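# Chain and residue survey
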Amino acid sequence: MKQTCRTLLLAALAAVAAMPLRGVEPLPLTIYSGAPDTVRTSRTTIVGVTAPGASASIGSEAVRVYRTGSFGREVTLVPGQNRVPVEVALGDRKAEKTLEIYYDNSAPRPSRKKAESAETRFVEPRYVESLPGAYLQYGNGDDRLGGSKMGFIDEGIVMKAIGEKGSLFCVRLGENRTAYIPKEYTRGAEAPVPAGALNTGNWTVSDAGAVDRVAIALPRRLAYHYATDINPSEITVDIFGATDNSNWITQRTLSLGIIDYVDFRQTASDVYRVIIRLKDKYQWGFSVGYEAGGSNLVIDVRHRPASLSLKNLTIGLDAGHGGPYPGARSPSGLLEKDVNLDIVKHLQAILESKGAKVVMTRTGDTGPSMAERKRIWRDARVDLAVSVHNNSGGGALSSPGTAVLYKHLFCRPLAQAVTARLLETGLPLFGIVQNFNFSLNGPTEFPEVLVEGMFMSSLEEEEKLADPAFRRKVAEKIAAAIEDYLKETSRQTN
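Computed from a predicted model, the values in this text were never measured in an experiment. (Residues numbered from 1 in each chain as written. Predicted model: local features only at pLDDT ≥ 70, side-chain atom pairs only at ≥ 80, totals over all residues. Heavy atoms only, no water.)

Here we take up the overall build of the protein. Of regular secondary structure, the protein possesses six helices and 32 strands. Considering only C-alpha atoms, the protein reaches an extent of 120 × 60 × 35 Å along its principal axes. As displayed, the protein has an accessible area near 23,800 Å², and 51% of this comes from carbon and sulfur atoms. Distance between charge centroids for the protein: 4 Å, based on 59 positive and 55 negative side chains. (Helix = DSSP H or I, 4+ residues; strand = E, 2+ residues; numbered from the N terminus. Areas by Shrake-Rupley, 256 points an atom, 1.4 Å probe, with all protein chains shown as cover. Lys, Arg positive; Asp, Glu negative; His and termini not counted. Charge placed at Lys NZ, Arg CZ, Asp CG, Glu CD.)

Right under this line is the structure:
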């Protein structure tokens, strides 16, 4: 009997010892990237995620575990099959996985890149009319942001389409100038009468209150392209299919708000250039379009704000992505849309504490369209605007740094001010990016930049983004940059 009891007791103790301790969760270990079955390069980066505070090794070599729990290492492979152990530990808790990676070092396989569709020319030209939201592209190229935009144009402009490529029409703007327009922003039209270059009519220049207004009489709506310069401060508008016959350029107001003078150049037999020289070194936005229901081209140039104190200004803020559009995702699971919104809310609070009126494109987890975001800012007549994003791409083990992006040249001073302040966080400079093709950088009605704070794909920068204090620091630097810009613009003379 005693022997039987002893046997049962030992068996029970063995069973208890084999059971996991209650309340002790298994140590998490997720391989985030770098574990394809087959690779064609001898070096590959493996990134994993575990519990913060754990230790980790990849290929038996200890690696740093960031406060997010992310870790990574580049490993060298030998031809054929490779077994790479990944191990993590935290106290008595451990976890491990072995990655099976085959390094194929045979000759590169032929590229299977899809052949690019060819552009075709029409035997007989067609005519198309622009719809609301239309824009022109310089060429027929493309990337994830679309082809490089010349700029947006008004509706109701009839153009000759001489060819097509995929979703684009090739349109002839002048004898020696073509451009491209998305087919979705056009409809069929009759050939305009008369054909050929048209004579321009008279101009008027006046102070219309918050803007100086240049109005140019034209026989019908013609395509145009606008550009800005900063030394000297200038706006130019090329009107295609027009020849000068403007024998009257009448300034209706003795003293204009921001325009110094206007002039024109006939740069080609059918390209008419409007030149608007400004008094101020800095520009505060402009718009180009046709008067409602007519063919007078109107260029409104915003006056410098009466006060450059934040308490008298309206600042537009945008948190990139949102709702069903999460943006980038970091290895440890941070979502760009959440990080962007947190930074923007800090920025909003800082600016409002200084008296500014702030107009947000979103305040929660919503995903307004690009058109809606632009409408919100335009309707509020913001004085300047900042969109906050965070980047992704490149190596997980590098720290690419911060970037500020803009489309129009007159936005460059704001981009430089924001960049200079962001570098004070200790981040390296990824770049100041000009001619950025993102839709939200398209408006010309106000200075605007897009901030790509850090790379969420970088383990080092992910750790910073996960830190609420660092996110607030980013907001503080952007706010300080806005104030720097306002101080600099107060020195208005050319």
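To continue, consider the sheet that holds strand β30 (residues 402–405). Adjacent strands of a sheet form backbone hydrogen bonds with each other and so pair up, either parallel or antiparallel. Pairing is mixed in the open sheet, where six strands are placed in the order β28-β27-β29-β32-β30-β31. The sheet terminates laterally at β28 (357–360) and β31 (429–433), the two strands that pair on one side only. Geometrically, the sheet is characterised by an average inter-axis angle of 20° between neighbouring strands, direction not taken into account. Judged from the six bridges that link them, strand β29 (residues 384–391) and strand β32 (residues 448–455) form a sheet pairing that is parallel. Of the residues in β32, the one forming a bridge with H389 is E452. Taken strand by strand, helix α4 (residues 412–422) contacts β29, β30, β31 and β32, and its axis lies near 25° from that of β32. (Pairing = 2+ DSSP bridges. Axes fitted to C-alpha atoms, helices over the stretch in contact; angles between N-to-C directions. Contact = heavy atoms within 4.5 Å.)

Counting 90 residues, the largest nonpolar core has V171, V237, I239, I276 and L351 as its most contacted members. Element by element, the count of residues in this core is highest for helix α6 (residues 468–489), at nine residues. Contacts of L351, omitting those with residues within four sequence positions, involve L310, I315, L317, A356, V358, A479 and I482. The next biggest cluster of nonpolar side chains, apart from the first, holds 19 residues, and it includes A51, A56, V65 and V84. (Core = buried A, V, L, I, M, F, W, Y, C linked by side-chain atoms within 4.5 Å. Buried < 20%, exposed > 50% of the residue type's maximum accessible area, 1.4 Å probe, protein only.)

A few words on the side chain of Q283. Positionally, Q283 belongs in the loop between β24 (271–278) and β25 (286–290). A polar contact of 3.2 Å, which involves the side chain of Q283, links it to the backbone oxygen of D229. Within the structure, Q283 has its side chain in polar contact with the backbone oxygen of E234 (distance 3.2 Å). Look past the residues within four positions of Q283 in its chain and what remains in contact with it is T228, D229, S233, E234, I235, L278, F410, P447 and Y485. (Polar contact = N/O pair within 3.5 Å; in protein donor to acceptor, adjacent residues only side chain to side chain.)

For strand β4 (residues 55–58) and strand β7 (residues 80–90), the ladder comprises four bridges, and the chain directions are antiparallel. Following the sheet pairing, S57 is matched in β7 by E87. Where β7 folds back on strand β8 (residues 93–103), the antiparallel hairpin that results is connected by two residues, among which G91 adopts a positive phi of roughly 65°.

Moving on to helix α2 (residues 336–353). For α2, built from 18 residues, the straight-helix expectation of 26 Å at 1.5 Å per residue is met to within 8% by its first-to-last C-alpha distance of 26 Å. Burial in α2 covers these residues: E336, K337, V339, N340, L341, I343, V344, L347, Q348, I350 and L351. Against the buried residues of α2 lie β27 (314–319), β28, β29, α5 (459–465) and α6. One or two steps after α2, the chain reaches G355, where phi turns positive at roughly 100°. (Expected span 1.5 Å × (residues − 1).)

With that settled, the discussion passes to the packing of α4 against α6. To describe two helices that pack against each other, one gives the angle between their axes and the distance between the axes. The interhelical angle for the contact between α4 and α6, taken along N-to-C directions, is 140°, at an axis separation of 8 Å. Comparing their axes, α6 and α4 come out oblique. The chirality of how α4 crosses α6 is right-handed. Between α4 and α6, the contacting residues are P413, L414, A417, V418, R421 and L422 on the first element and V474, K477, I478, A480, A481, D484 and Y485 on the second. Broken down by class, the residue content of the contact of α4 with α6 amounts to ten nonpolar, no polar and three charged. (Parallel < 35°, antiparallel > 145°, perpendicular 65-115°, else oblique. Left-handed = near helix turned anticlockwise from the far one by under 90°. Nonpolar A, V, L, I, M, F, W, Y, C, P; charged D, E, K, R; others polar.)

Attention shifts here to α4. Since the α-helix advances by 3.6 residues per turn, residues separated by three or four positions end up pointing in the same direction. Considered for burial, the residues of α4 that qualify are P413, L414, A415, A417, V418, T419 and L422. Residues of α4 that are buried sit in contact with β29, β30, β31, β32 and α6.

Along the chain, D238 falls in strand β20 (residues 233–240). Take D238: its relative accessible area is 7%, and that puts it in the buried class. Sequence spacing of D238 and E448 is 210 residues, and the spatial spacing of their C-alpha atoms is 23 Å. Every residue in contact with D238, bar those within four places of it in the chain, is listed here: A223, Y224, H225, V271, Y272 and R273.

Let's shift gears to the packing of aromatic side chains. For the structure shown, the criterion picks out 13 aromatic pairs. Here the aromatic rings of W377 and F446 are separated by 5.9 Å at their centres, their planes lie at 85°, and the arrangement is edge-to-face. Of this pair, W377 sits in helix α3 (residues 370–380) while F446 is found in the loop between β31 and β32, placing the two residues 69 residues apart along the sequence. Each member of the pair, W377 as well as F446, carries the same accessibility label: buried. (Phe/Tyr/Trp six-rings, centres within 6.5 Å; stacked < 30°, edge-to-face > 60°.)

Glancing now at the pattern of salt bridges. Here the structure, examined in full by the defined rule, presents 27 salt bridges. Its salt-bridge partner being R277, residue E234 comes within 3.0 Å of it at the nearest N-O pair. A residue pair is termed long-range when its members are at least 10 positions apart, and E234 in strand β20 and R277 in strand β24 qualify at 43 residues. For E234, a relative accessible area of 15% corresponds to the buried category. A residue is classified by how much of its surface remains accessible, and R277, at 22% relative accessible area, is partly exposed. Salt-bridge contacts for E445 lead to R378; the nearest nitrogen and oxygen are separated by 3.0 Å. Taken together, the residues E445 in the loop between β31 and β32 and R378 in helix α3 connect sequence positions 67 residues apart. Residue R378 is classed as partly exposed on the basis of its relative accessible area of 38%. (Salt bridge = Lys/Arg side-chain N within 4 Å of Asp/Glu carboxyl O.)

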